[in-house]
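# Descriptive structure summary
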Amino acid sequence: MSESREWMIQWLRDAHAMEEQAETMLSGQLSRIETYPELRERIRLHLEETRQQASRLKTCLDRIDEGSFTVKDAGGKLMALAQSISGVFAGDEVMKGSLASYTFEHMEIASYTILIAAANAEGETEIVQACEQNLREEEAMAEWLKSRLGQTTQTFLTRAAADSDSAKR
Ligand code: MG
Ligand code: FE
C-alpha cells in the first residue's frame, strides 16, 4: 500500500474516533444546559448528525478494510480534550461548553478538509463525499454557535447578576 493511502486511512480512523468523542461530549452537554432551550435543541440535532457522521465514516472504513485488519481508533488521543469539554465546570458550564464546542467544530472542519484532499488524491470518491457531507454539517454547527455566542453570554450574565442579587437579600 502506498504511503499516501496509509495516511488517508489513518486520518479516516482518527476522524471516526473524533466523532465518537464528539458524541460523548454532546451527550454530556445536553444533560447540563436545561435552561438554554435553543442551544439545547441545536446540540440535540447535532448529536443526531454526529452519530450519522460516525456511521458514514465507519462504512468507508469497513469497505477499505475488507476484513484484512480490524479498525482500531486512536481514541486515546482525543480523549483528554473531550473529557475537559464534558467535565464538570464551576457555574459557567454553558460558557465553557460554548467555547469548547466552537473549538471542537473547527477541529472537525480542519480534519475533514485534510481528509478530503487526501481522499481526492487517492481517487476515493466515496470517502470524499462522506467527508464533504460531514464538513457541511460541522460548518453549519460552527456558524450557528458563533451566531449565538453573544446572546448566550448576555443571558448567562443577566442570570448570574440576578442570582447574585437574590443571594444578597
Ligand atoms: Mg462531527
Ligand atoms: Fe461537529
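Residues numbered from 1 in each chain as written. Chains lettered and ligands numbered in written order. Predicted model: local features only at pLDDT ≥ 70, side-chain atom pairs only at ≥ 80, totals over all residues. Heavy atoms only, no water.

### Section: the overall build of the chain
Heads up, the rule is: For the purposes of this entry, the term helix denotes a DSSP run of H or I that reaches at least four residues, the term strand denotes a run of E that reaches at least two, and both are numbered from the N terminus. Exposure classes here rest on a 1.4 Å probe applied to the protein chains alone. A residue is buried below 20% of its type maximum, exposed above 50%, and partly exposed in between. By definition in these notes, contact holds between two residues if any of their heavy atoms fall within 4.5 Å. Only the protein chains shown count as covering a residue, and every accessible area follows the Shrake-Rupley method with a 1.4 Å probe.
Tallying secondary structure elements over the chain gives five helices and zero strands in all. The helix and strand sequence of the chain, counted from the amino end, reads α-α-α-α-α. The 169 residues of the chain split such that 41% are buried. Within the chain, counting contacts between residues at least 6 apart in sequence, those at least 24 apart form 81% of the total. By element, 55% of the accessible surface of the chain is carried by carbon and sulfur atoms, the whole surface being about 9,100 Å².

### Some details on the pattern of salt bridges
The criterion, for reference: Think of a salt bridge as a Lys or Arg side-chain nitrogen and an Asp or Glu carboxyl oxygen that are within 4 Å of each other.
This model, assessed by the stated rule, comprises 11 salt bridges. Across the pair E23 and R51 runs a salt bridge, and its minimum N-O distance is 2.9 Å. Taken together, the positions of E23 in helix α1 (residues 3-30) and R51 in helix α2 (residues 37-65) put the pair 28 residues apart, joining distant regions of the chain. For E23, a relative accessible area of 26% translates into the label partly exposed. The class of R51 is partly exposed, set by a relative accessible area of 41%. Salt-bridge contacts for E38 lead to R148; the nearest nitrogen and oxygen are separated by 2.5 Å. Note that E38 is positioned in helix α2 and R148 in helix α5 (residues 125-168), a separation of 110 residues in sequence.

### With respect to the coordination of the iron ion (ligand 2)
By definition of the ideal shapes, a tetrahedral metal site with four donors has angles of 109.5 degrees and an octahedral site with six donors has angles of 90 or 180 degrees. Filter applied, for reference: Donor atoms are limited to N, O and S found within 2.8 Å of the metal ion, a distance that becomes 3.2 Å for Na, K and Ca. With water left out, some sites might look partial.
Every protein donor of the iron ion (ligand 2) is listed here as H46 (NE2), E105 (OE), E105 (OE), E108 (OE) and E138 (OE), and their distances to the metal cover 2.0 to 2.8 Å. Each donor residue of the iron ion (ligand 2) belongs to the same chain, with the gaps between them written as H-x58-E-x2-E-x29-E. A spacing of 3.1 Å is found between the iron ion (ligand 2) and the magnesium ion (ligand 1), which share E108 as a donor. Of this pair, H46 sits in helix α2 while E105 sits in helix α4 (residues 93-121), placing them 59 residues apart in sequence. In this structure E105 comes out as buried when scored by relative accessible area, which is 1%.

### Overview of the coordination of the magnesium ion (ligand 1)
Binding of the magnesium ion (ligand 1) to the protein goes through E19 (OE), E19 (OE), Q53 (OE1), E108 (OE) and E138 (OE), at separations of 2.0 to 2.3 Å. Going along the chain, you hit the donors of the magnesium ion (ligand 1) in the pattern E-x33-Q-x54-E-x29-E. The exposure class of E108 is buried, given its relative accessible area of 0%. We classify E138 as buried; its relative accessible area is 0%.

### Remarks on the packing of α1 against α2
For any two helices packed against each other, the geometry is given by the interaxial angle and the distance between the axes. In plain terms, the rule: Axis definition: a line fit to C-alpha positions, over the contact stretch in the case of helices; interaxial angles, taken between N-to-C directions, run 0 to 180 degrees. Angle categories: roughly parallel below 35 degrees, roughly antiparallel above 145, roughly perpendicular from 65 to 115, and oblique for all the rest. In a left-handed crossing the near helix is turned counterclockwise from the far helix by less than a right angle, and in a right-handed crossing that turn is clockwise. For this classification, the nonpolar set comprises Ala, Val, Leu, Ile, Met, Phe, Trp, Tyr, Cys and Pro, the charged set comprises Asp, Glu, Lys and Arg, and every other residue, Gly included, is treated as polar.
Put simply, α1 and α2 touch, their axes get as near as 9 Å, and they point 155° apart. In terms of their interaxial angle, α1 and α2 are classed as roughly antiparallel. Crossing handedness for the pair α1 and α2: left-handed. Split by residue class, the contact of α1 with α2 holds 14 nonpolar, six polar and eight charged.

### Thoughts on the nonpolar core
Applicable threshold: To define a nonpolar core, start from buried Ala, Val, Leu, Ile, Met, Phe, Trp, Tyr and Cys residues and group those joined through side-chain atoms within 4.5 Å.
Residues M8, L12, L39, Y112 and I127 are the most contacted members of the largest nonpolar core, which totals 37 residues. Top element by residues in this core is α5. It accounts for 10 residues. Excluding its chain neighbours within four sequence positions, the residues that come into contact with L12 are L57, C60, L61, I64, L115 and I127.

### Notes on the packing of aromatic side chains
Put simply, the rule reads: Side-chain rings of Phe, Tyr and Trp (the six-membered ring for Trp) are treated as a pair once their centres are within 6.5 Å; stacked means planes under 30 degrees apart, edge-to-face means over 60, and tilted covers the remaining angles. Placement of a positive charge over a ring is assigned whenever Lys NZ or Arg CZ falls within 6 Å of the ring centre and within 35 degrees of the normal to the ring plane.
Counting across every chain of the model gives one aromatic pair. For the cation-ring pair, R159 lies above Y36, with the distance from its terminal atom to the ring centre recorded as 4.5 Å.

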